[in-house]
Amino acid sequence: MEKLLFVRAVLTHLAEAKFFCRAAAWVIRISAALMVLYSLVTFFSVGKLIFTLPTTGILGGVLFEVFFVVAVYAAVHVLVLRAKEIEALPAHPYYALPLGAKLVQMLGETYAAFVTFVAVGGGLFVWFTNQSLSKVLNPLIRALFPGGRDDPSFMGGIAFVVTGILTALAVLILAYVIGQLLQIASNATNKVVTGPRAMAEQGEGFRSRFG
């Protein structure tokens, strides 16, 4: 009966830093794979749209596809690299703090990488096609651009690019600030825990040396 009640075992493993970090790393890797699969929907839908565009607008659709692929690659690569770092985090008495620092920075980097390239690709699409961004951006991706208006004009394309890049930069800076604050807290708690232990070990060393 105890084997069937797995919650206790799960909670016990979650209290272990190595298991917790390894689990977080695998969740990130799975998220990266799902991101690739989800992006294929947008990629193929835009590919179909390209064949319906006028000759002057085909280049805009192709350029958007190129920048979209680069955006997905950059975001996924960030996730994969950070997952590897998280899995290799050293043991820490308060392991959620250094893990949280890495996760916050990772989210900021992933958002910034994806949004920057999609913003440029979206702007090029608008410039060459004079069509709405809703043609190429589904509601989920569109939600990543809270400040960008859906204006199918040349100035609208410029505004979308600038707004996207500035938003990505702001999110990246905020993520690094929060991440570094968590890292400071992690270092402080580590000193609190290891400080008395180190002093005790040093005292034992003096006693053993001088009897």
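Because the structure is predicted, anything quoted here is derived from the model rather than measured.

Right, let's get into the overall build of the protein. What the protein contains, in helices and strands, is six helices and zero strands. Helices and strands in the protein line up, N terminus first, as α-α-α-α-α-α. Put simply, the protein has 211 residues, and 35% of those count as buried. Nonlocal contacts in the protein, meaning residues at least 24 apart in sequence, comprise 76% of its contacts between residues at least 6 apart. When the accessible surface of the protein is split by element, carbon and sulfur atoms take 74% of a total near 12600 Å².

Further remarks concern the confidence of the model for the protein. A residue-level look at the protein finds 82% of positions with pLDDT of 70 or above and a mean pLDDT of 85. Note on residues 198-203: pLDDT is under 50 here. Beyond four places in sequence and across chains, it has zero contacts.

Moving on, we get to the pattern of salt bridges. Taken as a whole and assessed by the stated rule, the structure comprises four salt bridges. Of the charged contacts, one joins Arg-82 and Glu-85 as a salt bridge, the two residues approaching to 2.5 Å between their closest N and O atoms. Within this pair, Arg-82 and its partner Glu-85 are both found in helix 3 (residues 55-87), separated by three residues, close to a single helical turn. For Glu-85, a relative accessible area of 32% translates into the label partly exposed. Three or more residues joined by partner-sharing salt bridges are found here, namely Arg-82, Glu-85, Lys-102 and Glu-109.

Now for helix 2 (residues 17-50). Taking 1.5 Å per residue, 34 residues should reach 50 Å; helix 2 reaches 49 Å between its end C-alpha atoms and fits that length. Among all positions in helix 2, only Ala-17, Cys-21, Ala-24, Ala-25, Ile-28, Ala-32, Ser-39, Thr-42, Val-46, Gly-47, Leu-49 and Ile-50 are buried. Check the buried side of helix 2 and you find it contacts helix 3, helix 4 (96-129) and helix 5 (139-142).

Note on soluble globular proteins: their nonpolar side chains tend to be buried together. Counting 37 residues, the largest nonpolar core has Phe-64, Phe-114, Val-118, Val-136 and Leu-137 as its most contacted members. The set of elements that each furnish at least two residues to this core consists of helix 2, helix 3, helix 4 and helix 6 (154-210). In this structure, Phe-114 is in contact with Met-35, Phe-68, Ala-71, Val-72, Ala-75, Ile-141 and Leu-144, ignoring residues within four places of it in sequence.

For Thr-55, the position within the fold is in helix 3. For the pair Thr-55 and Phe-128, spaced 73 residues apart in the sequence, the C-alpha separation amounts to 9.9 Å.

Moving on, we get to the packing of helix 3 against helix 4. Packing of helix 3 against helix 4 brings their axes to within 7 Å, and their N-to-C directions diverge by 175°. Put simply, helix 3 runs roughly antiparallel to helix 4.

Turning to the packing of aromatic side chains, a few remarks are in order. Under the defined criterion, the tally for this structure stands at seven aromatic pairs. With a centroid separation of 5.3 Å and 55° between ring planes, the pair formed by Phe-20 and Tyr-95 is classed as tilted. Of this pair, Phe-20 sits in helix 2 while Tyr-95 is found in the loop between helix 3 and helix 4, placing the two residues 75 residues apart along the sequence. Taken together, a centroid distance of 6.3 Å and an interplanar angle of 65° make the contact between Phe-64 and Phe-125 edge-to-face. With Phe-64 in helix 3 and Phe-125 in helix 4, this residue pair connects regions lying 61 residues apart in the sequence. Look at Phe-64 and you get buried, because its relative accessible area is 1%. In textbook terms, an aromatic cluster arises when at least three aromatic residues are bridged by ring pairs, as seen for Phe-64, Phe-68, Phe-114 and Phe-125. Lying across the ring of Trp-26, Arg-29 places its NZ or CZ 4.9 Å from the centre.

Cut-offs used in this document
Residues numbered from 1 in each chain as written. Predicted model: local features only at pLDDT ≥ 70, side-chain atom pairs only at ≥ 80, totals over all residues. Heavy atoms only, no water. Helix = DSSP H or I, 4+ residues; strand = E, 2+ residues; numbered from the N terminus. Buried < 20%, exposed > 50% of the residue type's maximum accessible area, 1.4 Å probe, protein only. Contact = heavy atoms within 4.5 Å. Areas by Shrake-Rupley, 256 points an atom, 1.4 Å probe, with all protein chains shown as cover. pLDDT = per-residue confidence, 0-100. Salt bridge = Lys/Arg side-chain N within 4 Å of Asp/Glu carboxyl O. Expected span 1.5 Å × (residues − 1). Core = buried A, V, L, I, M, F, W, Y, C linked by side-chain atoms within 4.5 Å. Axes fitted to C-alpha atoms, helices over the stretch in contact; angles between N-to-C directions. Parallel < 35°, antiparallel > 145°, perpendicular 65-115°, else oblique. Phe/Tyr/Trp six-rings, centres within 6.5 Å; stacked < 30°, edge-to-face > 60°. Lys NZ or Arg CZ within 6 Å of the ring centre and 35° of its normal.

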